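Here's the letter readout for the chains.
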Amino acid sequence: MKHKIIGKGERRVDALGKVTGTAKYAEDFNVMHQLYGKVLRAKHPHAKILKIDTSKAQKLDGVEAILTANDIPGDKVFGVVVRNQAILAHDKVRYLGDGVALVAAKTKEIAEQAASLIEVEYEPLPVISDPEEAFKPESIKIHGDDNQFVHHHVTKGDIEKGFTEADFIIEKKFKTQFIEHSAIEPEAVLAEPAEHGGVIVTGSVQNLFSSRRSVAAALKLDLNKVQIIQSTLGGSFGGKDEVMTAMCCRAALLCMKTGKPVKMVNTREESMLESYKRHPYVLYYKWGCKKNGSIAAMEIKCIADGGAYASMSPFVTWRSVVQATGPYYCENVKTDVYAVYTNNNYTGAMRGFGSPQVNFAIESMMDELAEKVGKDPFEIRLQNGFETGAVTATGQKLDHRVSLKEVLTKSAEAADFLNKWNQYRTPSTSPKRKGIGLACSYRGVSLGAEGTDAAGTIVSVQTDGSVIVSSGITDMGQGAQTQMSQIAAEVLGISMDRIQFLNTNTSRVPDSGPTVASRGTIMGGTAAKKGAEIVRAFLMKTASEMTGLDVMSLDFKDNYLIDANNGERLASFNEIAAECFNKGRPMYGFGWYKSPQTSWDEHHGHGEAYFTFVYGVNIAEVEVDTETGKVDVLNFVSCHDVGKAINRNSVLGQFYGGVAMGLGYGLMEEFDFEDSIPKQLNFDEYLIPTSMDVPNIIPIIVENEDAAGPFGAKSIGEPSNELAAPAIINAIYNATGKRIYEIPATLERVLLGHKLTRKGERGSAKKEEVLADSCKIRPEGR
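The numbers attached to residues start from 1 for each chain and follow its sequence in the written order. In keeping with the model being predicted, local features are shown solely for residues with a pLDDT of at least 70 and side-chain atom pairs are shown and tallied solely at 80 or more, while totals for entire chains, interfaces and linings include all residues. Derived side-chain values reflect all non-hydrogen atoms in the structure, with water molecules and hydrogen atoms excluded from consideration.

Student: Can you explain the packing of aromatic side chains? Please cite residues and give values.
Tutor: Only Phe, Tyr and Trp rings take part, Trp by its six-membered ring, and two of them pair if their centres are within 6.5 Å. Stacked means planes under 30 degrees apart, edge-to-face means over 60, and tilted covers everything else. One pass over the structure, following the stated rule, counts 22 aromatic pairs. For the pair Tyr95 and Tyr346, a centre-to-centre distance of 5.8 Å together with 85 degrees between the ring planes defines the contact as edge-to-face. Taken together, the residues Tyr95 in the loop between β6 (92-93) and β7 (99-105) and Tyr346 in the loop between β17 (333-341) and α10 (355-372) connect sequence positions 251 residues apart. Throughout, exposure labels follow a simple rule: accessible area from a 1.4 Å probe, protein chains only, divided by the maximum for the residue type, with under 20% read as buried, over 50% as exposed, and the rest as partly exposed. Looking at Tyr346, the relative accessible area reads 1%, which means it is buried. A ring pair is formed by Tyr442 and Phe613, whose centres lie 4.9 Å apart and whose planes are at 10 degrees; its orientation type is stacked. Here the residue Tyr442 occupies a position in strand β18 (residues 432-444), and Phe613 occupies one in strand β26 (residues 613-625), the gap between them amounting to 171 residues. Residue Tyr442 shares its accessibility class with Phe613, and that shared class is buried. Following the ring pairs from residue to residue traces out a cluster consisting of Trp318, Tyr329, Phe386, Tyr442, Trp600, Tyr610, Phe613 and Tyr615. In this analysis the charged atom, NZ for Lys or CZ for Arg, is taken to sit over a ring once it is within 6 Å of the ring centre and within 35 degrees of the ring normal. The positively charged end of Lys24 is found above the aromatic ring belonging to Phe29, 4.2 Å away from the centroid. A cation sits over an aromatic face here: Lys529 above Phe711, 5.2 Å from the ring centre. Only DSSP runs of H or I covering at least 4 residues are called helices, and only runs of E covering at least 2 are called strands; the numbering of each starts at the N terminus.

And the structure:
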């Protein structure tokens, strides 16, 4: 089928407002007589609260309300999975980002001064910042009587038998780091009293419906009395979920207490101090392998630092356990993934959601296996990679088109991988050495067996032929509104300029679950297609009556009704819309899409985890300065099977952005703690890639249409991000002969490793450990 608009690089529907400055971000919203809210945060990462004295702050002129946990009329905690996150700390603080008291005042300055006047008496408690220490039974407890709050496992075959049959064993430990989301816009909300009771909150909220449930519970209100409205978001990458729920609750509490609008905006420092991060993992991988390069057994243990609260850790770690073995055949598997509480910032959703951590370990292990058996990285992956009909570690048969080897082959050809890999591994005396590395992945699409996976989109045709689209799926900058608009336009045969897309409003659209897991296009887009098809049917019936032609011989194209047999224009879309209205027919389509069936047996760790998967390959070419440890990424191939590219430019944008973010994960980004105290609270110290760091990128879009998605589309937002780091790490090894087991690959890690293991040399493990502990070189500029 030839598409009219699907697959084209249509302009984003939100582009005009963003480039002209008319788009309204959360901080841009102001109303008359608004107050300003401020949070007093903890002074210790772990301490009992003995006393809170607000008397001095209460006396300050211009202060209108001061609240503590005791003033919350309803639930004092929230959480999508585990309800233990404090809106305001009650008995103790568990990390430095905890809120202890709230202030509402007539100006920001007064609010800040009042917060500083609140006196809190603490009894400091021992701090635990190491997840492996937190895992021990004798460790200090953050919640209840056990720091371990998640354990997912997967078993397949007989792990002991697999290791017995193996010719050799590869056993390694890997570590990943905390990562800041680094969205350009910090958190902000405006809470207003509703006209007929309740509250309206407008803000930079990613998952509006879960935030609404928490606000309603805190205020003891029905859901229909709480309206959450999405402002234009200045990025999220998964980072505007629970931190925004807390802010919505706090602003709403102050609003209801004072009866006045309350605005709250985080500074960058406040944002970094309070917000959740990407999970750091400690990963133990043990593989039993055959001399021919096949994998007989995989035993895996991962410990995720969940920080102070549960947040999304149960779901993040579940994706990890499902995908921990990678897209590779292995008959005997034992995987255990844990999450533990510490006094660090809590960790939650971030682009990749449990995949980047395990991909780093998997793809490093694959290169080690290749070297052990004398094969190249490309060959070893072709040998072990999944094909259509493969059975995963969870027992799921992949009955869709498994395109792993297609994307692998296309990537290798585009990068000239084998020639360069062999060339760069030749010993060199030059201080600057080049290397090339690759990494593969498969990723379950959407929520899968995490829970109910459904979404709704509304398509409303106006009497003049213009169209309004709205959805429960949120656009945070990733382009979901454009994809859904393009799908609706394709079905209705109209141009994109006829469509106006409304930001999400919990009182105007159906609860469509969280906008996470790269589900915007496949879920919201399918719902948009269904909604547009409902409207189209009414329009076509009207058109058939107007023309006397059968519906099957009619079509809409380029804003006109045409004769499908000869292309003759019969009427404008506007005329058909007007006539449909005159006949009293509905011009409104509500599309609802529930994902195909998935299943999960938590006890045995088996199931049809996701209804379909996507496949991708990244290849990085680097230059390593062995005298300074600096790594420059020169060229990059990003290849992904997206099912169908709804908007080609949007897909390419995801490719480029994913590579840039993955580069930061692999080489420079790390949110550091010392005894659970953050060491960086702004971008003068927290390093992220700039445009000068982004390499030449060769994007390869592969399209194998999937029946589960609209016009065959699947997903790309997260897959584009989760492979860059291991590809870069493998390239560094190709250049230097040094395997890096902890990311980011900072100057000192690269430099230390090279000095210890020049090609053909191996330093002692003990010496390496001592040097690693003593090396305190601060990463320089980009």
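Student: Lay out the pairing of strand β20 (residues 467-471) with the relevant residues and their values.
Tutor: Taking burial as the measure, the five residues of β20 include four buried ones, the bulk of the element. Taken together, the five bridges between strand β19 (residues 454-461) and β20 define a ladder with antiparallel strand orientation. Bridge pairing links Thr457 to Ser471 in β20. Two strands qualify as a pair provided DSSP detects at least 2 bridges between them. The hairpin turn running from β19 into β20, its antiparallel successor, is five residues long, and Gly465 in that turn takes a positive phi close to 90 degrees. With three bridges joining them, β20 and strand β21 (residues 499-501) adopt parallel strand pairing. In the sheet register, Val467 faces β21, and the bridge partner there is Ile499. By convention, a crossover is right-handed whenever its connection, traced from the first strand over the helix to the second and viewed with the strands pointing away, goes clockwise. The parallel pair β20 and β21, bridged by helix α14 (residues 480-492), forms a crossover whose chirality is right-handed.

Student: I'd like a rundown of the layout of surface pockets, residues and numbers included.
Tutor: Approximately 980 Å³ is the volume found for the second largest pocket. In this structure, the second largest pocket is lined by 47 residues; those nearest its centre are Gly477, Gln478, Gly479, Gln654 and Gly717. Elements with a contribution of two residues or more to the lining of the second largest pocket: α1 (15-20), α14, α15 (520-547) and α17 (648-667). When residues in the lining of the second largest pocket are grouped by element, the largest group, six residues, is from α17. Points on a 1 Å grid over protein atoms alone make up a cavity when a 1.4 Å probe fits among them but cannot get out, and a pocket when they form an open set with protein on both sides within 12 Å along at least five of seven lines; lining residues each have an atom within 4 Å of a point. Grid points are joined across faces, edges and corners, and a volume is the space filled by probe spheres set on the points.

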